[in-house]
Structures are given as C-alpha cells and as structure tokens.
Amino acid sequence: MKKNITVAVDGHSSTGKSTLAKQLAKQLNFIYVDTGAMYRAVTLHAYQNNLFSGTKLDQSQLLEQLHQLKINFQVNASNGQSEIHLNNVNIEDQIRNMEISERVSVIAQLPEVREKLVEIQQEMGKSGGIVMDGRDIGTVVFPNAELKIFMTASPKIRAQRRFDELKTKGEKVSFEQVYTNLMQRDEIDSNRKHSPLKQADDAILIDNSNLSLKEQFEMIKALIFCRSERD
Ligand code: DC
C-alpha cells in the first residue's frame, strides 16, 4: 500500500461498525478507535457520580467536571485489544450495558463534550493509518478521510444482533427494550443540533442486513486497497 490512509466508519447503532473496523485495523495493521466508547466513558462518569436522576442529566455539574476526565485507549496485552480507560481505570466492561446505553445519547448531544472528544480523536488520527468508527467521523472528525463507509441494516436485524450480544454477556434485557433503545438513539443521534448522524456525501453506503461478516469484510478490503493506491 502506498500510504497510511484514514478510514471513517459511521452509521446507525448496532450495524457492526466496530466489528468491521477492528477487522480492518488488524488486517492493515492500523490503529483502531471506537469513538462510541468515548461518549460512553463520559456517560459512565456521570452515572457513577450521580449526575443522572433517572435519565435526566445535571448538565452544569457535568460540564464543570469535564476538564478532569482523562480518556484514552491502551492495548490490553492479554488479548491484544485496544481498551478504553477513564482516569487510568480500564472501563471496557462497564460501558455497554443498558444503564449506559439509555443515557449516552443525552451526553452525546452536548457540544462541549463533543468538542473535547473530537479534539482527542483528531490528535489520535493526525498521522493517518487509522480506522475510526462513530457517527460523525466522515463528516466532522476527518472530513478528508480517504475512505468513508456508512453502515446500516434493518432495525429488527440490528436489535436482534445487539440482543444476542447482551444475552451472551448475561445481561437481563428483553428484545423490546433493546429495540426501543436502538430506535430512540438513532432518532436522537440523527436529529441533534450538533454533528448529527448523517451519511457524508462521499461515503459508501453498506446495508449489511443480508451480508455475512466475511462478505462484508472482503468487499471493504477491496475498496481500501483501491483508495490507498490513489495519489
Ligand atoms: O457506537 P456506540 O453505540 O457505542 O455509541 C454510543 C452513542 O454515542 C451513540 O448512541 C451515539 C454516540 N456517538 C456519537 O454521537 N458520536 C460518535 N462519534 C460516536 C458515538
């Protein structure tokens, strides 16, 4: 490959963005960054520090504390995965439950939070050779990314995938709860004022409702090799 390109993977919730991005990063020996985990980390902080009453956030308290939050990724030597740390504590296993999923969209709407996280993301990707997944990567974080992918799939299929994943982890949730949460998050993420989820004009749309992981991976790998050979 001629150069270390930037790959932006955006799309709806539970479309397998992180699975694909991890596969690509491994294959290409690129850095992988899961930006959803960063919004979840801020949500975990707010949740653990009682800044939520139900799903209602004490916004001013959070904004006061925002500058104290140190969010970074470190490779876990035992599994080779890049895992998220909040103030030097590995929180990878605490951020994907329903308590956090039900509150994260409120946090992700705040421009101050987005500004802080986007700055960290741009710093991580400044030398290229990165696959980053999220909602605004191709539109805001890296508008000049060489390859932009926008992933979607049917709501029922997405909810089933997430439900199966949570059940494997032993979470006690119903399919309806997962489905409702996905629909609500997509609605808030797509209609928020700041950096809403939308397909970049130059992104390639992939609907993986009926694609196997292998088919999807092979298709996108071919695209990356084409893009990285461009001058
Ligand atoms: O990818 P995920 O489901 O872990 O993301 C959690 C939430 O964070 C999602 O509902 C929207 C928000 N998010 C965002 O607004 N911008 C990003 N770049 C990544 C995630």
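A. Region of the structure containing the layout of surface pockets. Here the largest pocket is characterised by a volume of approximately 780 Å³. If you go around the largest pocket, you meet 39 residues; those closest to its centre are Ser14, Lys17, Ser18, Asp133 and Arg162. Those elements that provide at least two residues to the lining of the largest pocket are helix H1 (17-28), strand E2 (31-34), helix H2 (35-48), helix H5 (104-108), strand E8 (130-134), helix H8 (155-168), helix H9 (175-191) and helix H10 (213-228). Looking at which element gives the most residues to the lining of the largest pocket, the answer is H2, with five residues. Looking at the lining of the largest pocket residue by residue, the class counts come to eight nonpolar, 15 polar and 16 charged. Lining the second largest pocket are 16 residues, and of these Phe30, Tyr32, Gly80, Gln81 and Ser82 sit closest to its centre. Of all the elements in the fold, those that place two or more residues in the lining of the second largest pocket are H1, E2 and strand E5 (71-75). Among the elements that take part in the lining of the second largest pocket, H1 stands out by supplying four residues, more than any other. Taken together, the residues of the lining of the second largest pocket sort by class into eight nonpolar, six polar and two charged.

B. Here's a closer look at the pattern of salt bridges. Considering all chains together, one arrives at nine salt bridges under this definition. Between Asp136 and Arg114 there is a salt bridge whose closest N-O contact spans 2.9 Å. Of the two residues, Asp136 is situated in the loop between E8 and helix H7 (137-141) and Arg114 in helix H6 (residues 111-124); the sequence distance between them amounts to 22 residues. Among the residues examined, Arg114 registers a relative accessible area of 4% and is labelled buried. The residue Asp189 makes a salt bridge to Arg192 at a minimum N-O spacing of 3.5 Å. Here Asp189 falls in the buried class, since its relative accessible area comes to 4%. For Arg192, a relative accessible area of 6% gives the class buried. A network of salt bridges, in which partner residues are shared, links Asp34, Glu92 and Arg96.

The rules behind each value
Residues numbered from 1 in each chain as written. Predicted model: local features only at pLDDT ≥ 70, side-chain atom pairs only at ≥ 80, totals over all residues. Heavy atoms only, no water. 1 Å grid on protein atoms, 1.4 Å probe; cavity = no way out; pocket = protein on both sides within 12 Å on 5 of 7 lines; lining within 4 Å. Points joined across faces, edges and corners; volume = space filled by probe spheres on them. Helix = DSSP H or I, 4+ residues; strand = E, 2+ residues; numbered from the N terminus. Nonpolar A, V, L, I, M, F, W, Y, C, P; charged D, E, K, R; others polar. Salt bridge = Lys/Arg side-chain N within 4 Å of Asp/Glu carboxyl O. Buried < 20%, exposed > 50% of the residue type's maximum accessible area, 1.4 Å probe, protein only.

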